[in-house]
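Chain residues, written in single-letter form:
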Amino acid sequence: MIRPREVRAPGTGRKLSLRNRLVLGSAALIALAAVLIGVVSVLALQGFLIDRLDVQLTSASTRSQGALDGRPGGNNQTAPPAGDFLALPGQREGTIAGLVTSDGTITAGVLGNRGSSAPLTEAQLAVLSTLTEASDPVTVNLGGTLGDYRIIVSSTPIAGESLIVALPLADVRDTVLQLTFLVAGIGLLAVGSAAIAGAIAVRFALRPLERVAGTATRVTELQLDRGAVALAERVSLDDADPRTEVGQVGAALNRLLEHVAFALSSREASENKVRTFVADASHELRTPLASIRGYAELTRRGGHEIPDDVAHAIGRIEAESVRMTGLVESLMLLARLDKAAAVEHESVDLSRLIIDAVGDAHAAGPDHVWELEIPDDAVVISGDRLRLHQVVANLLANARMHTPAGTTVTASLMWEGELAIIEIRDTGPGIPPELQPTVFERFVRGDSSRSRAAGSAGLGLAIVAAVVAAHGGETKVSSTPGNTVFRIELPGGVVL
Ligand SMILES: Nc1ncnc2c1ncn2[C@@H]1O[C@H](COP(=O)(O)OP(=O)(O)OP(=O)(O)O)[C@@H](O)[C@H]1O
Ligand SMILES: [Mg+2]
């Protein structure tokens, strides 16, 4: 029989749930958008501020040029003091102005807060003297307390002389830094709140999917492999609305369940037909079998002289018809037990039943050692006496037929909580391991010559399992050479 495959255990690799993937995915997209917007706006602002600074730089340079044009001596080659072309009206604090003469001498200063001009260090002067004239301002790091500057170098009317004017970039840098922090803060806030809102929204959106999965799980817990199956589980109509994706899954599951329910009821109907057929056929066979047995017996006892070979043949006919009657009765019983739990409801004294069965087994197998372990108080349950007797008799017959003479067979009875436990243990060679998983199925028998010689059909344990199941109990087996245990668990207060 093909059994449903076990659901594979989740692998060891990390697998994110759909919910987490949706939330993380949308948070990542928002983070990416925030980073893009942030970078573009910071760069745009920086460009704008530098452009503005460059305009101011050009004005400052023009002012300094103006001051140089008006210097006394006009074409005089000696450079005036830096303050002359630096400390001018309109020139802002931090402005640097310098003059490089044709012989490479540099005169430069930086404007203080009260229009005073402070000198530059040697290193800063060295940096400035390396600059060449260009139409566009450049950014240069002057080091020390000055930092980055935008610098424009232009020529003066005196040949070989160039004017350097520079404005600090510190304000631009501060503003850009502030905006960067602001954008980063807002971005983080947006990503955080989007993740929380997304988690809540996804949770709500996936609820119907959880309900659909719940329905599927409940179906897997139903026993579908035998008997009349009522497959009534369905996804609710709200969760099976085909206009939504989850609804499509729900609707598909409902269609699947509908289909399976139909298949199961067809299977149940055809099984019932077969059972009825087997039960009817077995029933019909009993009468002709009884006649064959009767005629054979009559011929044997008729007192006529019959040749030995004919007597032997008649003996075989009688023995085989007895065996066939047993087989037919087993088949009929199994078909009836399959159809419905066809067992009686009466109080059964299991202690008495086991004592009788072991007594019978002892009579049938005097070469075995028979032992009884039963509690002092009678164990009484509600059930079908005849069928339960058959259960114990079948197990004892197996212990007799499938083990060699001298084997000890122990029948024990006990209470375990609410369960009445019958155990038939023997010290025989045991059931072959490959037979054990299917030993309770029909027509399953070991092929030892002993079993075959005994004419076993392989129905004894199938009847045991069916009767015990009809009583709501369980049948278990464990077998190793020297220790074979059949354990029957019957609910104590079972009301049938
Ligand atoms: N106590 C046991 N020791 C060893 N083998 C056993 C024992 N009980 C059952 N078996 C094995 O299990 C098989 C199935 O047993 P089951 O009672 O169903 O059929 P059977 O005894 O062969 O035939 P039937 O009972 O219908 O006459 C047996 O053929 C035998 O090989
Ligand atoms: Mg048997």
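Looking at an unreviewed UniProt entry, one finds the protein chain named histidine kinase and attributed to Rhodoglobus aureus. Under Catalytic activity (unreviewed entry), UniProt gives the following word-for-word description of the protein chain: "ATP + protein L-histidine = ADP + protein N-phospho-L-histidine."

What follows covers the site of ligand 1. With respect to spatial proximity, 18 residues lie near ligand 1, and among them Asn398, His402, Asp426, Leu459 and Leu461 are the closest. Take histidine 402: an N or O atom from its side chain is 2.8 Å from an oxygen atom of ligand 1. Here glycine 458 contributes a backbone N or O atom positioned 2.9 Å from an oxygen atom of ligand 1. For ligand 1, the protein covers 90% of the area, taking 600 Å² as the surface of the free molecule.

Their axes nearest at 8 Å, the elements helix α1 (residues 18-69) and helix α4 (residues 170-220) cross at an angle of 160 degrees. What the angle tells us is that α1 and α4 run roughly antiparallel. As α1 packs across α4, the resulting crossing turns out to be right-handed. Of the residues assigned to the contact of α1 with α4, the class counts are 23 nonpolar, seven polar and four charged.

To continue, consider the domain arrangement of the protein chain. Examined at the domain level, the protein chain breaks down into domain 1 (20-71 + 79-176), domain 2 (222-340) and domain 3 (346-491). On a C-alpha basis, the centroid separation for the pair domain 2 and domain 3 is 23 Å. Taken together, the contact between domain 2 and domain 3 spans eight residues of the former and 12 residues of the latter. Buried area between domain 2 and domain 3, both sides added, is near 850 Å², and the carbon and sulfur share of it is 75%. Counting the contacts that link domain 2 with domain 3 gives zero salt bridges. Run the count over domain 2 and domain 3 and you get zero residue pairs in polar contact (both at pLDDT 80 or more).

Pairing is antiparallel across the open sheet formed by six strands, whose spatial order is β3-β2-β1-β6-β5-β4. Each of the sheet's edge strands pairs with one partner strand only, and the pair in question is β3 (117-119) and β4 (138-141). Between one strand and the next, the sheet's axes are offset by a mean angle of 30 degrees, whatever the strand orientation. As paired elements, strand β5 (residues 148-155) and strand β6 (residues 162-168) share seven bridges and run antiparallel to each other. By the bridge assignment for β6, isoleucine 151 is matched with alanine 166. Across the sheet, α1 lies against β1 (96-100), β5 and β6, angled at about 140 degrees from β6, the strand it touches most.

Turning next to the pattern of salt bridges. What the rule picks out here adds up to 23 salt bridges. The partner of aspartate 54 in a salt bridge is arginine 150, and the shortest N-O contact between them spans 2.8 Å. Here the residue aspartate 54 occupies a position in helix α1, and arginine 150 occupies one in strand β5, the gap between them amounting to 96 residues. Taken individually, aspartate 54 and arginine 150 each receive the classification buried, so the pair is uniform in this respect. For glutamate 416, the salt bridge is made with arginine 487, and the minimal N-O distance between the two is 2.8 Å. Of this pair, glutamate 416 sits in strand β10 (residues 408-416) while arginine 487 sits in strand β13 (residues 483-491), and the two are 71 residues apart along the sequence. With a relative accessible area of 38%, glutamate 416 lands in the partly exposed category. Arginine 487 gets classed as buried once you look at its relative accessible area, which sits at 17%. Through salt bridges with shared partners, a single network forms among Glu416, Glu423, Arg425, Lys476, Arg487 and Glu489.

The rules behind the values
- Residues numbered from 1 in each chain as written.
- Chains lettered and ligands numbered in written order.
- Predicted model: local features only at pLDDT ≥ 70, side-chain atom pairs only at ≥ 80, totals over all residues.
- Heavy atoms only, no water.
- UniProt positions renumbered as here; feature names shortened; annotations may be inferred.
- Near = heavy atom within 4 Å.
- Polar contact = N/O pair within 3.5 Å; in protein donor to acceptor, adjacent residues only side chain to side chain.
- Areas by Shrake-Rupley, 256 points an atom, 1.4 Å probe, with all protein chains shown as cover.
- Axes fitted to C-alpha atoms, helices over the stretch in contact; angles between N-to-C directions.
- Helix = DSSP H or I, 4+ residues; strand = E, 2+ residues; numbered from the N terminus.
- Parallel < 35°, antiparallel > 145°, perpendicular 65-115°, else oblique.
- Left-handed = near helix turned anticlockwise from the far one by under 90°.
- Nonpolar A, V, L, I, M, F, W, Y, C, P; charged D, E, K, R; others polar.
- Domains from an automatic or database assignment.
- Contact = heavy atoms within 4.5 Å.
- Buried area = accessible area lost by both parts, 1.4 Å probe.
- Salt bridge = Lys/Arg side-chain N within 4 Å of Asp/Glu carboxyl O.
- Pairing = 2+ DSSP bridges.
- Buried < 20%, exposed > 50% of the residue type's maximum accessible area, 1.4 Å probe, protein only.

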